[in-house]
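Understanding the architecture of this molecule
Chain by chain, the residues run as shown.
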Amino acid sequence: MAITFEYKIVDDLLLVESNGCDDGINEALNYNLSIINIARENNITKAVIDERKVEYRLSTFDTFKLAEFVVEQIPGAGKFALVFDKKYSDDITFWETVIVNCGLTARVFDNPESALKWVNS
């Protein structure tokens, strides 16, 4: 089952709720690009992406490639938080390390309240 998502924009904040699973790197790239394009089209620079209902299946190498892709698409502008299921802590913290080391302002959280508080700080 591919990743699907719903979103809403509240003031200057993009809120995304996703579910499904990544059926490979191309699926993950397209999903991320869809969200990035929504933010671009609406001049949004802050986002909380809730992926607690997403099953991560990417290899470590593909996770790295995905992080690099996101960095290329978002050249340092903005602030975003990703909310994840705790069982994927290793994968998602690796992703966060790559993203942050490349200069983006991003963090991962295991609950949406903390993510929202951080993005709005």
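Structure report, in brief.

About the criteria used
Residues numbered from 1 in each chain as written. Predicted model: local features only at pLDDT ≥ 70, side-chain atom pairs only at ≥ 80, totals over all residues. Heavy atoms only, no water. Phe/Tyr/Trp six-rings, centres within 6.5 Å; stacked < 30°, edge-to-face > 60°. Helix = DSSP H or I, 4+ residues; strand = E, 2+ residues; numbered from the N terminus. Buried < 20%, exposed > 50% of the residue type's maximum accessible area, 1.4 Å probe, protein only. Lys NZ or Arg CZ within 6 Å of the ring centre and 35° of its normal. Expected span 1.5 Å × (residues − 1). Arc of directions from axis to C-beta. Contact = heavy atoms within 4.5 Å.

Here's the deal with the packing of aromatic side chains
Using the criterion set out here, one finds 5 aromatic pairs in the structure. A centroid spacing of 5.9 Å and a plane angle of 70 degrees characterise the contact between F5 and Y31, whose relative ring orientation is edge-to-face. Of this pair, F5 sits in strand β1 (residues 4-10) while Y31 sits in helix α1 (residues 25-41), and the two are 26 residues apart along the sequence. With relative accessibility at 6%, the residue Y31 sits in the buried group. Three or more aromatic residues link up through ring pairs in this structure, and these residues are F5, Y7 and Y31. Over the ring of W118 we find K79, and its NZ or CZ is 4.7 Å from the ring centre.

Topic: α1
In this model α1 runs 24 Å from its N-terminal to its C-terminal C-alpha over 17 residues, within 8% of the 24 Å that 1.5 Å per residue would give. For α1, every residue scored as buried is listed here: I25, A28, Y31, N32, I35, I36, I38 and A39. Around the axis of α1, the buried residues are gathered within 165 degrees of arc, so they sit on the same side. The outward face of α1, more than 90 degrees from its buried face, is lined by the exposed residues N26, N30 and E41. In the core, the buried residues of α1 are packed alongside β1, β2 (13-21), β3 (46-55) and α2 (60-73). N43 lies just past α1 and shows a positive phi near 55 degrees.

The values reported here are purely geometric and, on their own, carry no functional implication.
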